[in-house]
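Residues per chain, in single letters:
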Amino acid sequence: MTSLDKPTEDAGQRQADDARAVTEAALFEAFGGVRGMVETVVPGLLFIAIFTVNKNLHVSAIAALIVSLVLVVVRLVMKDTVKHAFSGVFGVVFGVVFAMFTGNAKDFYLPGMLYTLGLALAYIITTLAGVPLIGLILGPVFKENLSWRTRNPGRKKAYAKASWAWGLILLAKCAILFPLYWWSDTTKLGWVLVALKIPPFLLAVWLTWVFLVKAPAPIDVFAEMEAEEKAAEERKAALAAEGGEQAGGRHRR
């Protein structure tokens, strides 16, 4: 290796490291990171833990709802983003309503299971339609919006692979949970569901990271827009200056 090769290789390594860092940060922002995962798990864990001990649907449901609200309040107090905590609250509210209405504790989990099934189908259908859902989710985070659809085919391919991964992983999760919903008791369903909260999610996020790190860099459409606006302002300034010079020349004559 010559002295000229090393700087080139170092620059390439730095670009690869930067791409990994940007991708990791975007995934953490989009999916909530460790804190988002905790907020997703805690309400369901509390529900099934209390129900396992006393078999009281009302106490279990109210406890899960209260802890969800507390998580939102904590986010508000810390002036942090609340979208992940609010999504957890909505899920718990729907679960509580279903369970209270039917009187069946297993129905606390039914809205979330149906949401998971619908999300799995959405990932698959949008990918088949040529607009993979993971690209729609992450495009704004990477500041590329929908530029990957027509201007970055390698990135579109990566988004398609990631969406297939999400869809198939979530379908596999549903294939485990729905039979348990029909044929198992609440306690077994609840603990299995808690156990399956994080691992499939982490697997899908990891595969998304693998596909995107190897993909071409995103096209920053916001930077392009800013550059176009700046160029337009410079053209206006140049025209104004040229007009001023011409007017000054006529005046001198």
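- Named according to an unreviewed UniProt entry, the protein is DUF3159 domain-containing protein originating from Streptomyces broussonetiae.

## Considering a negative patch on the surface
- The grouping of Glu226, Glu228, Glu229, Glu233 and Glu234 at the surface amounts to a negative patch.
- Relative to the assigned elements, Glu229 resides in helix H11 (residues 221–252).

## Let's talk about the packing of aromatic side chains
- Inspection of every chain in the model, using the stated rule, returns eight aromatic pairs.
- Relative to Phe51, the ring of Phe47 has its centre 6.2 Å away and its plane inclined at 5°; by these criteria the two rings are stacked. Separated by four residues within a single helix, Phe47 and Phe51 lie in helix H2 (residues 33–54), roughly one turn from each other. By the burial criterion, Phe47 is buried, and Phe51 matches it.
- Plain terms: the ring middles of Phe108 and Tyr109 are 5.1 Å apart, the flat faces sit at 85° to each other, and that makes the pair edge-to-face.

## Re the UniProt feature "transmembrane region" (unreviewed entry) in the protein
- Feature annotation in UniProt places "transmembrane region" (unreviewed entry) on residues 36–53, 59–78, 85–102, 114–142, 163–183 and 189–212, given in this structure's numbering.
- End C-alpha atoms of residues 36–53 are separated by 27 Å, and the span's content is 100% helix alongside 0% strand.
- Its end C-alpha atoms 34 Å apart, residues 189–212 is made of 88% helix and 0% strand.

## Some remarks on the side chain of Asp107
- Among the structural elements, Asp107 can be located in the loop between helix H4 (83–102) and helix H5 (110–128).
- In terms of polar contacts, Asp107 uses its side chain to reach the side chain of Thr102, at 2.5 Å.
- Of note is the side chain of Asp107, whose polar atom sits 2.4 Å from the side chain of Tyr181.

## A word on the packing of H2 against helix H9 (residues 186–195)
- Packing of H2 against H9 brings their axes to within 10 Å, and their N-to-C directions diverge by 155°. Our classification of the angle between H2 and H9 gives roughly antiparallel. Crossing geometry of H2 relative to H9 is assigned as left-handed. Counted together, Val41, Gly44, Leu45, Ile48, Ala49, Phe51 and Thr52 of H2 and Thr186, Thr187, Gly190, Trp191 and Val194 of H9 form the full contact between these two elements.
- For the contact of H2 with H9, a count of residues per class yields seven nonpolar, five polar and no charged.

## Structural notes on the side chain of Thr186
- Here Thr186 shows up in helix H9.
- The buried category is assigned to Thr186, whose relative accessible area is 10%.
- Setting aside its immediate chain neighbours within four residues, Thr186 contacts Ile48, Phe51, Asn104, Ala105 and Lys106.

## Comments concerning unusual backbone geometry
- Even without being glycine, Lys55 reaches a positive phi, approximately 60°.
- Locating Lys55 in the fold gives a position in the loop between H2 and helix H3 (57–77).

## Re H5
- Taking 1.5 Å of rise per residue, the 19 residues of H5 would be expected to cover 27 Å, and the 27 Å separating its terminal C-alpha atoms lies within 8% of that figure.
- Of the positions making up H5, those classed as buried are Leu110, Pro111, Met113, Thr116, Ala120, Tyr123, Ile124, Thr126 and Thr127.
- Following H5 by one or two positions, Gly130 has its phi on the positive side, about 90°.

## A short note on the pattern of salt bridges
- This structure, assessed with the given rule, holds one salt bridge.
- For Glu144, the salt bridge is made with Arg155, and the minimal N-O distance between the two is 2.9 Å. Taken together, the positions of Glu144 in the loop between helix H6 (133–138) and helix H7 (147–150) and Arg155 in helix H8 (residues 153–183) put the pair 11 residues apart, joining distant regions of the chain. Judged on exposure class, the residue Glu144 and its partner Arg155 are both buried.

## Some details on the packing of H2 against H3
- Taken N-terminus to C-terminus, the directions of H2 and H3 make an angle of 160°; their axes are 8 Å apart at the nearest point. The angle between H2 and H3 places the two elements in the roughly antiparallel class. Seen along the crossing, H2 lies across H3 with a hand that is right-handed. Taken together, the residues of H3 that come into contact with H2 (itself represented by Arg35, Gly36, Glu39, Val42, Pro43, Leu46, Phe47, Ile50, Phe51 and Asn54) are Leu57, Val59, Ser60, Ala61, Ala63, Ala64, Val67, Ser68, Leu71, Val74 and Arg75.
- A per-class count over the contact of H2 with H3 returns 14 nonpolar, four polar and three charged.

## A closer look at the confidence of the model for the protein
- With 83% of its residues at a pLDDT of 70 or more, the protein shows a mean pLDDT of 83.
- At the level of individual helices and strands, the protein shows its lowest average pLDDT in helix H1 (residues 5–31), which scores 62, and its highest in H8, which scores 96.

Cut-off values and rules
Residues numbered from 1 in each chain as written. Predicted model: local features only at pLDDT ≥ 70, side-chain atom pairs only at ≥ 80, totals over all residues. Heavy atoms only, no water. Patch = residues over 30% accessible without salt bridge, like charges linked within 9 Å, V, L, I, M, F, W, Y side chains within 5 Å. Areas by Shrake-Rupley, 256 points an atom, 1.4 Å probe, with all protein chains shown as cover. Salt bridge = Lys/Arg side-chain N within 4 Å of Asp/Glu carboxyl O. Lys, Arg positive; Asp, Glu negative; His and termini not counted. Charge placed at Lys NZ, Arg CZ, Asp CG, Glu CD. Helix = DSSP H or I, 4+ residues; strand = E, 2+ residues; numbered from the N terminus. Phe/Tyr/Trp six-rings, centres within 6.5 Å; stacked < 30°, edge-to-face > 60°. Buried < 20%, exposed > 50% of the residue type's maximum accessible area, 1.4 Å probe, protein only. UniProt positions renumbered as here; feature names shortened; annotations may be inferred. Polar contact = N/O pair within 3.5 Å; in protein donor to acceptor, adjacent residues only side chain to side chain. Axes fitted to C-alpha atoms, helices over the stretch in contact; angles between N-to-C directions. Parallel < 35°, antiparallel > 145°, perpendicular 65-115°, else oblique. Left-handed = near helix turned anticlockwise from the far one by under 90°. Contact = heavy atoms within 4.5 Å. Nonpolar A, V, L, I, M, F, W, Y, C, P; charged D, E, K, R; others polar. Expected span 1.5 Å × (residues − 1). pLDDT = per-residue confidence, 0-100.

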